[in-house]
Amino acid sequence: MADRVTVIGWDGSPLTAAARGALGAATLVAGAAHHLALPEVPPAAERIRLGSLPLAARRIAAHRGTAVVLADGDPGFFGVVRTLRAPEYGLEVEVVPAVSSVATAFARAGMPWDDAQVVVAHPRTLRRAVNVCRAHPKVAVLTAPGAGPAELGLLLEGVHRTFVICEELGTEREQVSVVTSDKAADHTWRDPNVVIVIGGPAGAGEGGGWIAGRDPGTGPRGWVQPDASYAVGTAHGPGGGPGGGAAGMLGEGEREVLRAAQLARLGPRTGDLVWDIGCGAGAFAAEAARAGAAVIAVDHDPAACTRTEGAARRFGVQLQVVYGSAPHVLENLPEPDVVRVGGGGPAVVSAVADRRPRRIVTHAATRDAAERVGRDLTEHGYQVQCALIQSVELDTRAWTETERNVAFLLSGVLPDRAP
């Protein structure tokens, strides 16, 4: 077993005395090709080209002597330290840190980054990284081959963002470029690179925040907000279809109690893409976005689209509003993780189920309608739950009933894609 493993972060600046001392005593050195070419690497040391980190860790664990691992930036920040410290390798790790590539990228851009989300994009996580870029105004993306600026730009179609692309930071070939997201696919970018994705309202206030990333305390308390936060009155009617009734009013499917149950069944979270079909006044869409998810809100009523955009502005969240009639308008939308069908009936639910999201939630005004939707979801392979939701509003001055709402809440979970 290796006597000691020292992980040295390298940001392009000269190595520190501690790093030079550890490297000079190494009998095994692991790193990328440009690390192994450094003149400080002992000529007699065994060299391992880093590719598969678990494979490299096993070889280091089996080595008799002193090992050094070289890594770009801060190796403890989405780096090799996590793998090397896994219990199965039994390694004792010492770290000589360096400035992370994310910190360097924001320094080159002259921007603060305590209010930024930081995500790692490789082919397996690219879609979730893109969803974070849709949902948040400032994101740093640590890219990988096949999941770089071009791929980010292509998947952000329909959402305008500005890219600050930092290539080969800390080297003589370092370059910083600023392009719009729709132009990123027109270029070939050098690895490694960091992409800062900017768009929408500012994150932290002028005085700064108190927690890194998105402040979870922003906005009013509560997972759902009172109906009065979105509308003056309520539009009654079967199903509360797309548009949610008269202008400025909530549809049946948007009422507070049912909305809370829909959010609980779907559980939108950071990295998810949510479709809200029949967005009405934008109540559900805004609250899913407040949970950190990316949201595409769809409605065939221009007034509903306008109200949804207004709700997003009031609550300081980002979402994409698409005008059009479901199911046809859904054909060109990116793949969703969870979907709320607020209107359109069984035909829309069936079209959504064809896209295989993890979870679908909808509602029905009658038991017959609920049974039709439930059968269709079951035929698509979903595990279906149905609950009769009844809410009664009371005037607490006289404890008299002022309003009663009843709806069947249906949800489907795809077992092979859960959670």
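Criteria and cut-off values
- Residues numbered from 1 in each chain as written.
- Predicted model: local features only at pLDDT ≥ 70, side-chain atom pairs only at ≥ 80, totals over all residues.
- Heavy atoms only, no water.
- Helix = DSSP H or I, 4+ residues; strand = E, 2+ residues; numbered from the N terminus.
- Buried < 20%, exposed > 50% of the residue type's maximum accessible area, 1.4 Å probe, protein only.
- Contact = heavy atoms within 4.5 Å.
- Lys, Arg positive; Asp, Glu negative; His and termini not counted.
- Charge placed at Lys NZ, Arg CZ, Asp CG, Glu CD.
- Axes fitted to C-alpha atoms, helices over the stretch in contact; angles between N-to-C directions.
- Parallel < 35°, antiparallel > 145°, perpendicular 65-115°, else oblique.
- Left-handed = near helix turned anticlockwise from the far one by under 90°.
- Nonpolar A, V, L, I, M, F, W, Y, C, P; charged D, E, K, R; others polar.
- Core = buried A, V, L, I, M, F, W, Y, C linked by side-chain atoms within 4.5 Å.
- Phe/Tyr/Trp six-rings, centres within 6.5 Å; stacked < 30°, edge-to-face > 60°.
- pLDDT = per-residue confidence, 0-100.
- Expected span 1.5 Å × (residues − 1).
- Polar contact = N/O pair within 3.5 Å; in protein donor to acceptor, adjacent residues only side chain to side chain.
- Patch = residues over 30% accessible without salt bridge, like charges linked within 9 Å, V, L, I, M, F, W, Y side chains within 5 Å.
- Areas by Shrake-Rupley, 256 points an atom, 1.4 Å probe, with all protein chains shown as cover.
- Salt bridge = Lys/Arg side-chain N within 4 Å of Asp/Glu carboxyl O.
- Pairing = 2+ DSSP bridges.

The helix and strand inventory of the protein stands at twelve helices and 19 strands. With the C-alpha coordinates aligned to their principal axes, the bounding extent of the protein is approximately 85 × 45 × 40 Å. The buried share among the 419 residues of the protein stands at 50%. Taking the intrachain contacts of the protein between residues at least 6 apart in sequence as the baseline, contacts between residues at least 24 apart amount to 63%. Once the 40 positive and 45 negative side-chain charges of the protein are each reduced to a mean point, those two points are 3 Å apart.

Turning to the packing of helix α11 (residues 345-354) against helix α12 (residues 367-379), a few remarks are in order. For the pair α11 and α12, the least separation of the axes is 10 Å and the interaxial angle reads 15 degrees. The angle between α11 and α12 falls in the class roughly parallel. Between α11 and α12 lies a crossing whose hand is right-handed. In this structure, α11 uses P346, V349, S350 and A353 to contact α12, whose residues at the interface are R372, V373, D376 and L377. When its residues are assigned to classes, the contact of α11 with α12 shows five nonpolar, one polar and two charged.

Grouped together as the largest cluster of nonpolar side chains are 27 residues, with contacts concentrated most on W275, I277, L330, V341 and V352. With 21 residues, the next largest nonpolar core counts A261, A293, A312 and V361 among its residues.

In this section: the packing of aromatic side chains. In this description, an aromatic ring pair is defined by two values, namely the gap between the centres and the angle between the planes. Summed over all chains, the structure comprises three aromatic pairs. Consider the rings of F106 and W113, whose centres lie 6.0 Å apart with planes at 10 degrees: the pair is stacked. On the basis of relative accessible area, F106 is assigned to the buried category, the value being 0%. Judged by relative accessible area, which is 31%, W113 ranks as partly exposed.

Per-residue pLDDT for the protein averages 90, and the proportion of residues at 70 or more is 92%. Confidence drops under a pLDDT of 50 for residues 232-248, and excluding neighbours within four residues, the segment shows 50 contacts in the predicted structure.

This part covers α11. Because an α-helix packs 3.6 residues into every turn, residues spaced three or four apart end up facing the same way. If you check which residues of α11 are buried, you get V348, V349, S350, V352 and A353. In this structure, the buried side of α11 is in contact with β13 (273-277), β16 (338-341), β17 (359-364) and α12. Where α11 terminates, the next one or two residues include R356, which has phi positive at roughly 60 degrees.

The next thing to look at is helix α10 (residues 302-315). Relative to the 20 Å expected for 14 residues at 1.5 Å per residue, α10 spans 20 Å between its end C-alpha atoms, a close match to the ideal helical length. A304, C305, R307, T308, G310, A311, A312 and F315 are the residues of α10 that are buried. By the N-cap criterion, in which a side-chain oxygen at the helix start approaches the backbone nitrogen of a residue two or three places on, α10 is capped by D301, the distance to A303 being 3.0 Å.

This part takes up a nonpolar patch on the surface. Together, V392, L394 and W399 make up a nonpolar patch on the protein surface, roughly 310 Å² of accessible area in all. Within the secondary structure, V392 sits in strand β18 (residues 383-395).

The next point concerns the pattern of salt bridges. Within this structure, the stated rule accounts for 17 salt bridges. Residues joined by salt bridges that share partners form a network here, namely D227, R255, R259, E287 and E403.

Pairing is parallel across the open sheet formed by five strands, whose spatial order is β3-β2-β4-β1-β5. Two strands close off the open sheet at either side, each with one partner strand: β3 (46-49) and β5 (93-96). Shown here is a sheet whose adjacent strand axes are inclined to one another by a mean of 20 degrees, direction ignored. Against the sheet, helix α1 (residues 17-24) contacts β1 (4-10), β2 (28-31), β4 (66-72) and β5, and its axis sits at roughly 135 degrees relative to β1.

On to unusual backbone geometry, then. The amide bond that connects D191 to the next residue, P192, takes the cis arrangement and shows omega of -5 degrees. With respect to the helices and strands, P192 occurs in the loop between β9 (175-180) and β10 (193-198). Put simply, A326 and P327 share a cis peptide bond, and its omega is 10 degrees. Looking at the element boundaries, P327 is found in the loop between β15 (320-323) and β16. Even without being glycine, F78 reaches a positive phi, approximately 55 degrees. Exposure remark for F78: the relative accessible area of 52% places this residue in the exposed category. Despite not being glycine, E168 has its phi angle at roughly 45 degrees, a positive value. Its place among the elements puts E168 in the loop between β8 (162-167) and β9.

Once that is clear, we can look at the sheet that holds β9. The five strands are arranged β6-β7-β10-β8-β9 in an open sheet whose pairing can be described as mixed. Because the sheet does not close on itself, it has two edges, and the strands there are β6 (117-120) and β9. The mean inter-strand angle of the sheet, taken between neighbouring strand axes irrespective of direction, is 20 degrees. Each of β6, β7 (138-142) and β10 touches helix α6 (residues 126-135); the most contacted strand, β6, lies at about 160 degrees to it.

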